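Each chain, written out:
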Amino acid sequence: MYDGILDEMIPFFKHQYGNPSSIHKLGRLSNTAIKKAKKQIAYLINSKPEEIYITSGGTESNNTVINSISCNKYKNHIITSAIEHDSVLQSCKKLEQNGFRITYLKVSDDGLIDPQNIAELITDKTYLVSIMHVNNEIGTIQPIHKISEICHSKNVLFHSDAVQSAGKINIDVQNSKIDMLTLSSHKINGPKGVGALYIKTGVKILPFIMGGGQQNGFRSGTENVANIVGFGIACKLTTDNILKNSTHCNTLKNYLSYQILHQIPYTKLNGTQELRVSNNLNFSFLGVNGEDLINKLDEHEIFVSTGSACKSNTKKASHVLKSMGLSYERINSSIRITIGIHNTMDEMKYVVVVLKKIIEELRHDSPFKYKYDFK
Ligand SMILES: *Cc1c(COP(=O)(O)O)cnc(C)c1O
């Protein structure tokens, strides 16, 4: 987390332990803290504070949006992409079983969506288009402003999962006419287990969690005040430092990318180089198993992942790389490296040296595999 966040959270575990729904002074203090945090969250995406609903994170926000379609009896079609986060895809799968029609857009071989496809697929049955801003595995940036314009002109709701872009790319939900947007605190150096869903005033969707009627009845359950306070500060710091942070990460990323591609043979970058977020790299190293590589790097205190972190233990090949049409060999040999704002150039240099050495060793153990080039 950013320096200073924890100190601001601690009072809400201690002497300011009021329930924000209580009307006594202690409760009001908590309630005021939540209001302040909502302002800070709204500031990140240029919404109104009352359009921000706190959730337990990106997963819950995405689940809420997709499940909300069941509140519309006349429209039963959703357009999304094949490379969305599983919290969108699995919610869609569930709706499909209940008779809804879902279109999963394909991406190009460098991981991009063509907005024109969306325009052609919208029918009078289409209720929602949900396209992520930045992909979590390959960092590709989708043209959400354009997609949103198309949806707006055809009277279809537009939702974007902006968990990976928030704080890295400027987002303006008013200017971009976005109806719903997902945010998560721990992806912007805030505490885990808290996030938000922006819902534009006037957009009606069903609550996902019901009970005591907190947050205008939209999302019940006593608020996790300390986490919300921490999330608010993370939003503030991230908004104020967006340029500085992305410049820093971009410098490290470009260095790392250049060195890896030039020093390690039979290496490919997955996903476009140009329309890519500042902190993400995804490589395939022919002849090397991605998981073996991760375990070796781990021994050197370098922590990277295959596909998405949430999936590393299910042994399923990345649905994102599959959707790009990459070969099994290329998917199997892929790893994702993400750079944080606290990383340094010295660490990048260390990564290059260690990575090169480990890959040479792993390839030495299986030399037959990289006799031919790969697609
Ligand atoms: C991490 C992530 C999520 C899930 O967010 P949590 O807060 O971890 O539930 C959703 N979408 C994307 C793109 C993510 O990277």
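So, how was this worked out
Residues numbered from 1 in each chain as written. Predicted model: local features only at pLDDT ≥ 70, side-chain atom pairs only at ≥ 80, totals over all residues. Heavy atoms only, no water. Pairing = 2+ DSSP bridges. Helix = DSSP H or I, 4+ residues; strand = E, 2+ residues; numbered from the N terminus. Axes fitted to C-alpha atoms, helices over the stretch in contact; angles between N-to-C directions. Polar contact = N/O pair within 3.5 Å; in protein donor to acceptor, adjacent residues only side chain to side chain. Contact = heavy atoms within 4.5 Å. Core = buried A, V, L, I, M, F, W, Y, C linked by side-chain atoms within 4.5 Å. Buried < 20%, exposed > 50% of the residue type's maximum accessible area, 1.4 Å probe, protein only. Domains from an automatic or database assignment. Near = heavy atom within 4 Å. Areas by Shrake-Rupley, 256 points an atom, 1.4 Å probe, with all protein chains shown as cover.

J.: Looking at this structure, I do not really get the sheet that holds strand E1 (residues 52-55). What am I missing?
T.: Taken in spatial order, the seven strands make up an open sheet running E1-E7-E6-E5-E4-E2-E3, and their pairing is mixed. This sheet does not close on itself; its edge strands, each paired only once, are E1 and strand E3 (101-105). For this sheet, the mean inter-axis angle between neighbouring strands, taken without regard to orientation, is 20°. Where strand E2 (residues 77-81) meets strand E4 (residues 126-130), four bridges bridge the pair, whose relative direction is parallel.

J.: Teacher, can you tell me more about the side chain of arginine 219 here?
T.: Along the chain, arginine 219 falls in the loop between strand E7 (195-199) and helix H7 (225-240). Polar contacts involving the side chain of arginine 219 include one to the side chain of glutamate 60, which spans 2.7 Å.

J.: Help me understand the sheet that holds strand E8 (residues 267-269) in this model?
T.: Sheets are built from strands that pair by backbone hydrogen bonding, the pairs being arranged parallel or antiparallel. Ordered by their spatial adjacency, three strands build an open sheet running E8-E9-E10, and the pairing between neighbours is antiparallel. At either end of the open sheet lies a strand with only one pairing partner, and these are E8 and strand E10 (334-338). Shown here is a sheet whose adjacent strand axes are inclined to one another by a mean of 30°, direction ignored. Note that strand E9 (residues 280-285) and E10 share five bridges and pair antiparallel. Across the sheet, residue asparagine 280 finds its bridge partner in E10, namely threonine 338. Of the strands in this sheet, E8, E9 and E10 are in contact with helix H8 (residues 242-263), which crosses E9 at around 10°.

J.: Help me out: how do you make sense of the nonpolar core in this one?
T.: General note: in soluble globular proteins, nonpolar side chains tend to be found buried as a group. Residues Ile45, Val129, Leu181 and Leu183 are the most contacted members of the largest nonpolar core, which totals 55 residues. Sorting elements by how many residues they give to this core places H7 first, with eight residues. Counting the residues that make up this core, at least three belong to each of domain 1 (5-238) and domain 2 (242-364). When residues no more than four places from it in sequence are discounted, the contact partners of leucine 183 are Ile41, Leu44, Ile45, Gly57, Gly58, Ser61, Ala162, Val163, Ala166, Gly195, Ala196 and Phe231. Counting residues in each nonpolar core, the second largest holds 26 residues, with Ile264, Leu269, Ile339 and Ile359 among its members.

J.: Would you take a moment to explain the site of the ligand for this structure?
T.: Taken together, 13 residues lie around the ligand, and Thr59, Asp161, Gln164, Ser184 and Lys187 are the ones closest in. Within the side chain of aspartate 161, an N or O atom sits 2.6 Å from a nitrogen atom of the ligand. Between the ligand and histidine 186 there is a distance of 2.8 Å, counted from an oxygen atom to a side-chain nitrogen or oxygen. Coverage of the ligand by the protein chains reaches 89% of its 380 Å² of free accessible surface.

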